[in-house]
Amino acid sequence: MVSSEAAPLAKTGGLADVLGALPIALRETGDEVGVVIPRYGSIDLKGARRMYDQIPIYLGPARHVVAIYQAASTAFPLYLVDCPPLYDRKGFYGESGVDYPDNHIRFAVFARAALAVARLLYRTEIFHCHDWQAGLVPALLRSSFSTDPTFLGAKTVFTIHNLGYQGLFPRSALAEAGLEPAVFRPDGLEFFGRVSYIKGGISFADALTTVSPTYAREIQTPEYGFGLDGDLRDRASVLSGILNGVDYAEWSPQTDPHIPAAYSAEDLGGKATCKRRLLEEFGLPAEAMDRPLLGVVSRFTRQKGADLLAEAAARIVAEDVYLVALGTGDPEFEDFFRQMQQEHPGRIAVRIGFDNPLAHRIEAGADMFLMPSHYEPCGLNQIYSLHYGTVPVVRATGGLDDTIEEGTGFKFAEYSAEALLAAVRSAVQAFADREAWQRMMRRGMSKDFSWKTSAAAYSALYRRLLAR
Ligand code: ADP
């Protein structure tokens, strides 16, 4: 698997969670997986094994030298592509909301380095590439490396975790990234005169997947297709949706080391302790114990519906509910959430930042979890919420629609503050009947979205490809 993130070493979102868990789940189906990611500045090499000292990588005439490390004590081989000038930086893709100007170089070197790992260290039958950062792997295998005997017969799978991020660069990137001019065509890497790395996957992979069945359909429509819906429709026969699983070893209220009290569907007692402590931590009043506490853990972006939350927040808390939010993202929304906290002290409390233990404490301590996403390829937090008895209130899109049903949560269809507010009102009303509410919590807690089912689906796909 080739990816720009893998938990726990490099994570900004759900992609990393998938790469941290799917390789392990695939062992049960008899599939052996090695993973390649860049060695970012935040990844400590202490204990890692240096597997290959100096691999020269040429992008046209430009020479880059990478070393390959294998991370210490991971459950599967995790290879780190080390090239300090390219990856040893503060961010993965950029800083302060601005992309690094050489991302086309960084992820061209990365793709070639991943092929080098396959050549030198890890014999590979299937290259399973994730998102635009790995998009050049299928493109290279079908162009510059198409006659390379090492890779003869190798198959490629490309998984779209988020179509909104495409790796778009000016046309000049083609030569700078050392790509063959022949791939610059509309059924190759070209996207309206620019170079699109995600199209490397979409155009050239043997199979395409995305992370929920509904999102697989949605991305073939103009509304959700980001201009790529036509290309995806062209490849509809090889495109399928496989829902992400969740890692219940990390996300279970029975065993979660980050939460102040354990609880389960059989004994919900500890959840009240989690709520009380969460209120204290956020400086919200004890009266909130009897009222719904709404949780948000999110990237503050339009994709996640930050604009809807911004529009509806004042009216939501006017329903006599409380709101805690944790997130980072667009500065405009970060500012907005800070301002909401000031305007509604004791009602809305916000933490700007990325804080995994706090994300766990919010999942455990809140009564409801809000995800008003504009689009949501799969979404993990709503699935965690189900398991923590924290009733999701979601927009019916993508994976949110596939994982939440009447009886385990509240859904709304229209992308509007009014529709969100109506769903919150229904949830608040339902909360008043404590017994019915607890039944709903327990129904959610009994759902099983473990990786077993998803891993079986990927495994079946791999086998179909290899049998061809
Ligand atoms: P996406 O990958 O689009 O960001 P997902 O719902 O698939 O959304 O996955 C988000 C993951 O990142 C979850 O594990 C969630 O808990 C975590 N997460 C998001 N924002 C934060 C944050 N500010 N602090 C801690 N964890 C976060």
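Up top you'll find the structure we're talking about.
Here, residues in each chain are numbered from 1, in the same order as that chain's written sequence. It should be noted that, the model being predicted, local features are given only for residues of pLDDT at least 70 and side-chain atom pairs only at 80 or more, the latter also being counted only at that level, while totals for whole chains, interfaces and linings use all residues. As a convention, hydrogens and water are excluded, and side-chain values are obtained from all of the structure's heavy atoms.

A. View of the pairing of strand S2 (residues 49-59). As paired strands, S2 and strand S3 (residues 62-70) are joined by eight bridges and run antiparallel to one another. Across the sheet, residue Ile55 finds its bridge partner in S3, namely Val66. Pairing between two strands is assigned when DSSP locates at least 2 bridges connecting them. Here a helix means four or more residues in a row that DSSP labels H or I, a strand means two or more in a row labelled E, and each is numbered from the N terminus. The loop that links S2 with its antiparallel partner S3 comprises two residues; one of these, Gly60, has a positive phi angle of about 60 degrees.

B. Quick look at the packing of helix H1 (residues 14-27) against helix H17 (residues 451-467). Each axis is a line fitted through C-alpha atoms, and for a helix only the stretch in contact is used; angles between axes span 0 to 180 degrees, taken between their N-to-C directions. Running from amino to carboxyl end, H1 crosses H17 at an angle of 70 degrees, the nearest separation of the two axes being 9 Å. By the angle between their directions, the pair H1 and H17 is classed as roughly perpendicular. Taking contact as the criterion, the partners of Val18, Ala21, Leu22, Ala25 and Leu26 in H1 are, on H17, Trp451, Ala455, Tyr458, Ser459 and Tyr462. Gly counts as polar in this scheme, as do all residues outside two lists: the nonpolar Ala, Val, Leu, Ile, Met, Phe, Trp, Tyr, Cys and Pro, and the charged Asp, Glu, Lys and Arg. The residue makeup of the contact of H1 with H17, split by class, is nine nonpolar, one polar and no charged. Oblique is the label for every angle not falling under 35 degrees (roughly parallel), over 145 degrees (roughly antiparallel), or within 65 to 115 degrees (roughly perpendicular). Two residues form a contact once any of their heavy atoms are found within 4.5 Å.

C. Focus on the site of the ligand. Near the ligand you find 19 residues, and of these Gly14, Arg299, Lys304, Gly353 and Leu380 are the closest. In protein, a polar contact means a hydrogen-donor-capable atom and an acceptor-capable atom, both N or O and within 3.5 Å, with residues adjacent in sequence counting only if both atoms are side-chain atoms; elsewhere, any N or O pair within 3.5 Å suffices. A distance of 2.9 Å separates an oxygen atom of the ligand from a polar side-chain atom of Asp17. At 2.9 Å from a nitrogen atom of the ligand is found a main-chain nitrogen or oxygen belonging to Asp355. Starting from 560 Å² of accessible surface for the ligand in isolation, the protein chains cover 94%. Listing elements by their share of the shell around the ligand, those giving two or more residues are H1, strand S14 (293-300), strand S15 (322-329), helix H12 (356-365) and helix H13 (381-387). Considering every element that reaches the shell around the ligand, the biggest residue donor is S14, with three residues. Across the shell around the ligand, the residue classes tally to six nonpolar, eight polar and five charged. Summary of the distance rule: residues count as near a molecule or strand when at least one heavy atom falls within 4 Å of that molecule or strand. Method for areas: the Shrake-Rupley scheme with a 1.4 Å probe, in which residue coverage is limited to the protein chains shown.

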